[in-house]
Amino acid sequence: MQKISIIIPMFNESEHIQRTITSAINAAVTAGLDYQIIAVDNNSTDNSRELAEALGATVVFLPDLKIGGLRNAGAELATGDYLAFLDADIEVPSNWLISCLNQQ
């Protein structure tokens, strides 16, 4: 089974991170992909980290990096056949990855 690594930079995203991760997992399952969720925490002071970990995400703490650095750090830890990058405050549709894979 092919695997996708989904990298999500975050900073104080407790209001959104569960919805984002849950939608990413649903999209991976719908596409028939194994998945890895990597949340790269840029020094959050809320409970974003705990919420992401509760959903099975690997959380990496890297304070004081810009968004590109956070994404690159997540990509370095990725083990998937594919990489995807999401902002921490969005919800993707369940067919998101099917649509992407059909574009190859």
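Cut-offs used in this document
Residues numbered from 1 in each chain as written. Predicted model: local features only at pLDDT ≥ 70, side-chain atom pairs only at ≥ 80, totals over all residues. Heavy atoms only, no water. Buried < 20%, exposed > 50% of the residue type's maximum accessible area, 1.4 Å probe, protein only. Helix = DSSP H or I, 4+ residues; strand = E, 2+ residues; numbered from the N terminus. Pairing = 2+ DSSP bridges. Right-handed = clockwise from strand over helix to strand, strands pointing away. Core = buried A, V, L, I, M, F, W, Y, C linked by side-chain atoms within 4.5 Å. Contact = heavy atoms within 4.5 Å. Axes fitted to C-alpha atoms, helices over the stretch in contact; angles between N-to-C directions. Expected span 1.5 Å × (residues − 1).

**Student:** So, the pairing of strand S1 (residues 3-10): which residues are in play, and what are the values?
**Tutor:** Each regular strand carries side chains that alternate between the two faces of the sheet. For S1, a buried count of seven out of eight residues is recorded, marking the element as mostly surrounded by other parts of the structure. As defined by bridge partners, S1 adjoins strand S2 (residues 34-41) across eight bridges and the pair is classed as parallel. Looking across to S2, one finds that Met-10 is bridged to Asp-41. Each parallel crossover has a hand, and for S1 linked through helix H1 (residues 17-30) to S2 it is right-handed. Across four bridges, the pairing between S1 and strand S4 (residues 82-85) is parallel. Bridging from a neighbouring strand, Ile-6 pairs with Ala-84 of S4.

**Student:** Outline the nonpolar core, listing residues and values.
**Tutor:** By size, the foremost hydrophobic cluster in this structure holds 23 residues, and its most contacted members are Ile-6, Ile-8, Ile-17, Ile-21, Ile-37, Ala-52 and Trp-96. Among the elements of the structure, S1, H1, S2, helix H2 (48-54) and helix H4 (96-101) are those that each provide at least two residues to this core. Examining the composition of this core, we find that six residues originate from one element, H1, more than from any other. Aside from chain neighbours lying at most four places away, what touches Ile-37 is Ile-6, Ile-8, Ile-21, Ala-24, Ile-25, Ala-57 and Thr-58.

**Student:** Now, about the sheet that holds S4: what can you tell me, with residues and values included?
**Tutor:** Note on sheets: strands pair through backbone hydrogen bonds, and any given pair is parallel or antiparallel. Strand order in the open sheet made by the four strands is S3-S2-S1-S4, with parallel pairing throughout. Two strands close off the open sheet at either side, each with one partner strand: strand S3 (58-61) and S4. Adjacent strand axes in the sheet meet at a mean angle of 20° when their direction is disregarded. With four bridges joining them, S2 and S3 adopt parallel strand pairing. The residue of S3 that forms the bridge with Asp-41 is Phe-61. Sheet strands touched by helix H3 (residues 67-77): S1, S2, S3 and S4. Its angle to S1, the strand with the most contacts, is close to 150°.

**Student:** Explain H1 residue by residue, including any values.
**Tutor:** With 14 residues, H1 should cover 20 Å at 1.5 Å per step; its first-to-last C-alpha distance of 20 Å lies within 8% of that length. Buried within H1 are the following residues: Ile-17, Thr-20, Ile-21, Ser-23, Ala-24, Ile-25, Ala-27 and Ala-28. Here the buried face of H1 lies against S1, S2, H2 and H4. Note on H1: the residue one or two positions beyond its end, Gly-32, has a positive phi of about 75°.

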